[in-house]
Amino acid sequence: MPDKHRILCTRRMPPNVEARLGRDYDANLNPDDRIHSADSLLAASEGRDGILCAGGDPLSAEVIERLPDRIRILATYSVGYEHIAVEAAKARGIVVTNTPDVLNDATADIAMLCLLGAARRGAEGDRMVRAGEWVGWHSTMMLGVHVTGKRLGIFGMGRIGRAVARRARGFDMEIHYHNRSRLAPALEDDAIWHDTPESLLAVSDFLSINAPSTPTTRRFLNADRIAHLPDGAVVVNTARGDLVDDDALITALRSGKVAAAGLDVFAGEPNLDLRYRALENTFLLPHIGSASLETRDAMGYCCLDNLDAFFAGGPCPNAL
């Protein structure tokens, strides 16, 4: 029986994923879920054929240049791959794969949770009840922003953005979007395309950020763009934290220009800007967009399918 390929798994994975990984590979697991530094990742990579990595792993161009020659594939447990210097990997002949599609629905569900939680003051109400501060009903208590029938602007109409649109239509929301290019009519599904972000923002009673983190999208939502939003808009971000200029959004939340924000992702997470925690008009989650049992298993299986295909000599279904 041939020797199993040797895989470094940089983070603890769901039990079902680790069971399959251990069955099919000689796997170096991370049961304590320790966060790798660049040096510890390089040391753990010695003697390995591939790496099953995750968001936040230090796979910069410098690190990739120092990886052992034996490393031939980086399979990331994520859709986003901004933590990997993909071009540096390609220059070394290292294949990089990700996990598209399998987390679309789970992330879109959380986008709607953030939208509703922010608009209807969900976190504030929860705190009130838990603290024993709820003294009964009155007509002006906990007034929020109405959702049904409003205009939803989606920045980034990829798979997740379209899944958000499908859910929002259940609230009779009018869907607007900006993308790098206009979608085909079947994918657009009567959503209204805007050729500039500013045009989109001007009609966004609600703004859902669903674009990947790239050099052109980082700090997308800055003070200049917030000025284009209708007064009292609600901002939702379930993509990547660095798409938002924190200073600009916090200033807008304090002034009321932005009525509320629902955020599942943050720049520098878990070390988010602490000013968000002091704002009552924020609904904050700890990056749980894909955090359902079924989705996290599916992400792991997608990584393993990528590894299986690569080591079998065939094309990887999700190679970048």
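Look above for the structure.
Cut-off values and rules
- Residues numbered from 1 in each chain as written.
- Predicted model: local features only at pLDDT ≥ 70, side-chain atom pairs only at ≥ 80, totals over all residues.
- Heavy atoms only, no water.
- Helix = DSSP H or I, 4+ residues; strand = E, 2+ residues; numbered from the N terminus.
- Buried < 20%, exposed > 50% of the residue type's maximum accessible area, 1.4 Å probe, protein only.
- Contact = heavy atoms within 4.5 Å.
- Pairing = 2+ DSSP bridges.
- Axes fitted to C-alpha atoms, helices over the stretch in contact; angles between N-to-C directions.
- Salt bridge = Lys/Arg side-chain N within 4 Å of Asp/Glu carboxyl O.
- Right-handed = clockwise from strand over helix to strand, strands pointing away.

**Observations regarding the environment of alanine 118**
Then step 1. Here alanine 118 lies in helix α5 (residues 104–119).
Then step 2. For alanine 118, a relative accessible area of 7% translates into the label buried.
Then step 3. When the C-alpha atoms of alanine 118 and asparagine 281 are compared, they prove to be 6.9 Å apart, with 163 residues separating the residues in sequence.
Then step 4. Setting aside residues no more than four positions away along its own chain, alanine 118 makes contact with Val234, Ala260, Ala261, Gly262 and Phe283.

**Here's the deal with the sheet that holds strand β12 (residues 282–284)**
Then step 1. Taking strand neighbours across the sheet as the criterion, the seven strands line up as β8-β7-β6-β9-β10-β11-β12 in an open arrangement whose pairing is parallel. Pairing within the sheet leaves two strands with one partner each, and these edge strands are β8 (192–193) and β12.
Then step 2. Of the strand pairs in this sheet, strand β11 (residues 258–263) and β12 are connected by three bridges, and their pairing is parallel. Counterpart to leucine 263 in the pairing with β12 is leucine 284.
Then step 3. Packing of helix α7 (residues 159–169) onto the sheet brings it into contact with β6 (151–155), β7 (174–178) and β9 (206–209), and relative to β6 it is tilted by some 170 degrees.
Then step 4. Sheet strands touched by helix α11 (residues 246–255): β10 (233–237), β11 and β12. Its angle to β11, the strand with the most contacts, is close to 130 degrees.

**Some words on the pattern of salt bridges**
Then step 1. A full pass over the atoms with the stated rule returns 27 salt bridges.
Then step 2. Its salt-bridge partner being arginine 121, residue glutamate 124 comes within 2.8 Å of it at the nearest N-O pair.
Then step 3. Owing to a relative accessible area of 27%, arginine 121 belongs among the partly exposed residues under this scheme.
Then step 4. The shortest N-O distance in the salt bridge between arginine 275 and aspartate 247 comes to 2.5 Å.

**Observations regarding the pairing of strand β1 (residues 6–9)**
Then step 1. Pairing between β1 and strand β2 (residues 26–28): three bridges, direction parallel. Note on β2: the bridge partner recorded for arginine 6 is aspartate 26.
Then step 2. The handedness of the β1 to β2 crossover, carried by helix α1 (residues 15–24), is right-handed.
Then step 3. Looking at chain direction, β1 and strand β3 (residues 50–53) are connected through three bridges and run parallel. Across the sheet, residue cysteine 9 finds its bridge partner in β3, namely leucine 52.

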